[in-house]
Amino acid sequence: MMLTGKRALVTGASRGIGASIAKALAAEGADVAITYEKSAERAAEVVRAIEAHGRRAVAIQADSADVTAVQASVERTVAKLGGLDILVNNAGILRVAELKDISLEDIDAILNVNVRAPIVASKAALAHLTKGGRIITIGSFFADRVPASVLSVYAGSKSALVAFTKGLARELGPKEITVNLVQPGSIDTDMNPTNGPFAGTLQQITALGRYGAVEDIANAVAFLASAKAQYITGSALTVDGGAIA
Ligand code: NDP
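Definitions and cut-offs
- Residues numbered from 1 in each chain as written.
- Predicted model: local features only at pLDDT ≥ 70, side-chain atom pairs only at ≥ 80, totals over all residues.
- Helix = DSSP H or I, 4+ residues; strand = E, 2+ residues; numbered from the N terminus.
- Rg over C-alpha atoms; globule rule 2.2 N^0.38 Å.
- Contact = placed C-beta atoms within 7 Å.
- pLDDT = per-residue confidence, 0-100.
- Near = placed C-beta within 6 Å.
- Nonpolar A, V, L, I, M, F, W, Y, C, P; charged D, E, K, R; others polar.
- Pairing = 2+ DSSP bridges.
- Axes fitted to C-alpha atoms, helices over the stretch in contact; angles between N-to-C directions.
- Expected span 1.5 Å × (residues − 1).
- Buried ≥ 20, exposed ≤ 12 C-beta atoms within 10 Å, placed from the backbone.

1. Topic: the overall build of the protein chain
Scanning the protein chain for helices and strands turns up seven helices and seven strands. If you list the helices and strands of the protein chain from N to C, you get β-α-β-α-β-α-β-α-β-α-β-α-α-β. A globule of 245 residues ought to have a C-alpha radius of gyration of about 18 Å, and the protein chain, at 17 Å, matches this closely. Sequence-distant contacts in the protein chain: of pairs separated by 6 or more residues, those separated by 24 or more amount to 73%.

2. Things to note about the confidence of the model for the protein chain
Residues at a pLDDT of 70 or more form 100% of the protein chain, whose mean pLDDT is 98. Across the assembled chains, the prediction reports ipTM 0.99 with pTM 0.99.

3. Some details on the site of the ligand
Around the ligand there are 31 residues in total, and G12, G16, S39, G92 and T189 lie nearest to it. Elements with a contribution of two residues or more to the shell around the ligand: α1 (16-27) and β2 (31-36). Counting residues per element, the shell around the ligand draws most heavily on α1, which supplies three residues. Its residues placed into classes, the shell around the ligand shows twelve nonpolar, 13 polar and six charged.

4. Looking at the sheet that holds strand β7 (residues 236-239)
Reading across from one edge, β3-β2-β1-β4-β5-β6-β7 is the order of the seven strands in this open sheet, with parallel pairing throughout. In the strand order of this sheet, the two ends are held by β3 (57-61) and β7, each with one partner. Between one strand axis and the next, the sheet turns through 15° on average, direction left out of account. Alignment of strand β1 (residues 7-10) against strand β4 (residues 86-89), held across three bridges, turns out to be parallel. Paired with A8 across the two strands is I86, which belongs to β4. In the packing of α1 onto the sheet, contacts are made with β1, β2, β4, β5 (134-138) and β6 (178-184), and the angle to β2 comes to roughly 170°. Against the sheet, helix α2 (residues 40-52) touches β2 and β3, its axis set at about 165° to β3.

5. Re helix α7 (residues 214-225)
Look at α7: 17 Å from first C-alpha to last across twelve residues, which is about the 16 Å you get at 1.5 Å a residue. Of all the residues in α7, the buried ones are V214, I217, A218, A220, V221, A222, L224 and A225. Of the surrounding elements, those touching the buried residues of α7 are α1, β4, β5, β6 and β7.

6. Quick look at unusual backbone geometry
For E176, which is not a glycine, the phi torsion comes out positive at approximately 60°. For E176, the position within the fold is in the loop between α5 (152-172) and β6.

See the structure below:
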């Protein structure tokens, strides 16, 4: 097991990619706190799955759009688990519309959840992370390729995480804390289901000719969280079936 005794916080982990990451970290021996916005029952299921690995778990209701809630979720994790070694900024939202049509409300929501929350959570984690600590954020392959006209704001939010990751890697390198980005391609979740309106196009642009599974992203995150990835920092690991190839 690669993460025995580590303490992790995974944001937005009641469903989809985040839930899979939380379970993967627990399977590798980590205690895991998760946040969610609305899905209390789904979050409770994830807690039970983590506990089934013999690990400690806690589910924290925290809207990533609310900076106070984001900060409080980090402090609550530390209080419950006795510290923090791994922060996974996973919570994200997708709103699709061309710029001429998208509302200011949707622009704010995308920027607050996808960009401001990872920055604020990382800032709150600084006081707790020590040597060997990890910050891993979930971006998107849309930072490198934007295959539709309705994705500019969302893709822009994910692109911001690339430079943020590089800069923070510079800041935390002297402390032996690594900071990385995982950029998923099309992964079958509620956000991007294989029967959704864009699924045909998204599948077609991959080299492998298919969607990925949540475990494909969780495996990459578990590796980056481990000591085996100790010399990887400031990087973006794209896990997209070759969509940007
Ligand atoms: P889902 O929509 O399937 O799940 C989103 C998760 O995030 C849920 O647990 C949800 O909680 C939580 N969440 C959403 N909004 C908030 C909020 N305001 N505050 C707290 N938690 C919130 O998404 P995915 O699993 O598909 O996506 C996970 C990440 O991966 C996102 O950052 C997304 O942008 C990124 N991504 C996904 C891709 C894909 O193809 N699926 C491709 C590229 C990137 P609740 O259940 O309570 O609503």
